[in-house]
Amino acid sequence: MAAKGELLTSMRAARQLRRVRSHYAAGALLWAAAAGWTGWLNPGGRQMWVCALLLVLFAVLLATAAHQLRRLRPDNLPTHHAAPRRSVGPRRADA
């Protein structure tokens with residue numbers, strides 16, 4: 001079992017990685033649009049290659065953040081089962 005301080009640190013890290021992951025996804029979408037636009041206007045130009053390089057960079061950052069989030073997920077998550085088959089409330093006396 002992890003210590004309380006260690007658990008809080010990993011929870012903070014997971015929250016920060018989720019926030020950063022959304023920024024990386026937005027950056028990847030932005031650079032994909034920019035690379036497509038500059039590739040349409042000036043195929044093979046320097047601006048297109050810079051946009052493509054930044055797209056690759058943000059995609060790698062996004063993949064790294066997603067991988068780190070998967071590593072921080074605890075292995076012993078409680079299992080959520082469906083509702084019980086019979087009711088748990090008081091029984092009726094049918095006499």
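What counts, and at which threshold
Residues numbered from 1 in each chain as written. Predicted model: local features only at pLDDT ≥ 70, side-chain atom pairs only at ≥ 80, totals over all residues. Heavy atoms only, no water. Helix = DSSP H or I, 4+ residues; strand = E, 2+ residues; numbered from the N terminus. Buried < 20%, exposed > 50% of the residue type's maximum accessible area, 1.4 Å probe, protein only. Polar contact = N/O pair within 3.5 Å; in protein donor to acceptor, adjacent residues only side chain to side chain. Contact = heavy atoms within 4.5 Å. Phe/Tyr/Trp six-rings, centres within 6.5 Å; stacked < 30°, edge-to-face > 60°. Patch = residues over 30% accessible without salt bridge, like charges linked within 9 Å, V, L, I, M, F, W, Y side chains within 5 Å. Areas by Shrake-Rupley, 256 points an atom, 1.4 Å probe, with all protein chains shown as cover. Salt bridge = Lys/Arg side-chain N within 4 Å of Asp/Glu carboxyl O. Lys, Arg positive; Asp, Glu negative; His and termini not counted. Charge placed at Lys NZ, Arg CZ, Asp CG, Glu CD. Expected span 1.5 Å × (residues − 1).

Draft legend 1. Just the side chain of Thr-38, in detail. Tracing the backbone shows Thr-38 in helix H1 (residues 4–41). A relative accessible area of 14% means that Thr-38 is categorised as buried. Here the side chain of Thr-38 touches Ala-35 through a polar contact of 3.3 Å, landing on its backbone oxygen. Setting aside anything within four residues of it in sequence, one finds Thr-38 in contact with Pro-43, Gln-47, Met-48 and Cys-51.

Draft legend 2. Seen up close, the packing of aromatic side chains. Here the structure, examined in full by the defined rule, presents one aromatic pair. Between Tyr-24 and Phe-58, the aromatic rings sit 6.3 Å apart at their centres with planes inclined by 70°, giving edge-to-face as the arrangement. Taken together, the residues span a long stretch of sequence, with Tyr-24 in helix H1 and Phe-58 in helix H2 (residues 46–72) at a distance of 34 residues.

Draft legend 3. Main features of a positive patch on the surface. Together, Arg-12, Arg-15, Arg-18, Arg-19 and Arg-21 make up a region of like positive charge exposed at the surface. Relative accessible area serves as the criterion here: at 48%, Arg-19 is assigned to the partly exposed category.

Draft legend 4. Layout of H2. For H2, which comprises 27 residues, the first-to-last C-alpha distance of 39 Å matches the rise-based estimate of 39 Å (1.5 Å per residue) to within 8%. Looking only at H2, the buried set comprises Met-48, Cys-51, Phe-58, Ala-65 and Leu-69.

Draft legend 5. Summary view of a nonpolar patch on the surface. Taken together, the side chains of Trp-37, Trp-40 and Leu-41 present a nonpolar region at the surface, about 480 Å² in accessible area. Residue position: Leu-41 is located in helix H1. The exposure class assigned to Leu-41 is exposed, which follows from its relative accessible area of 57%.

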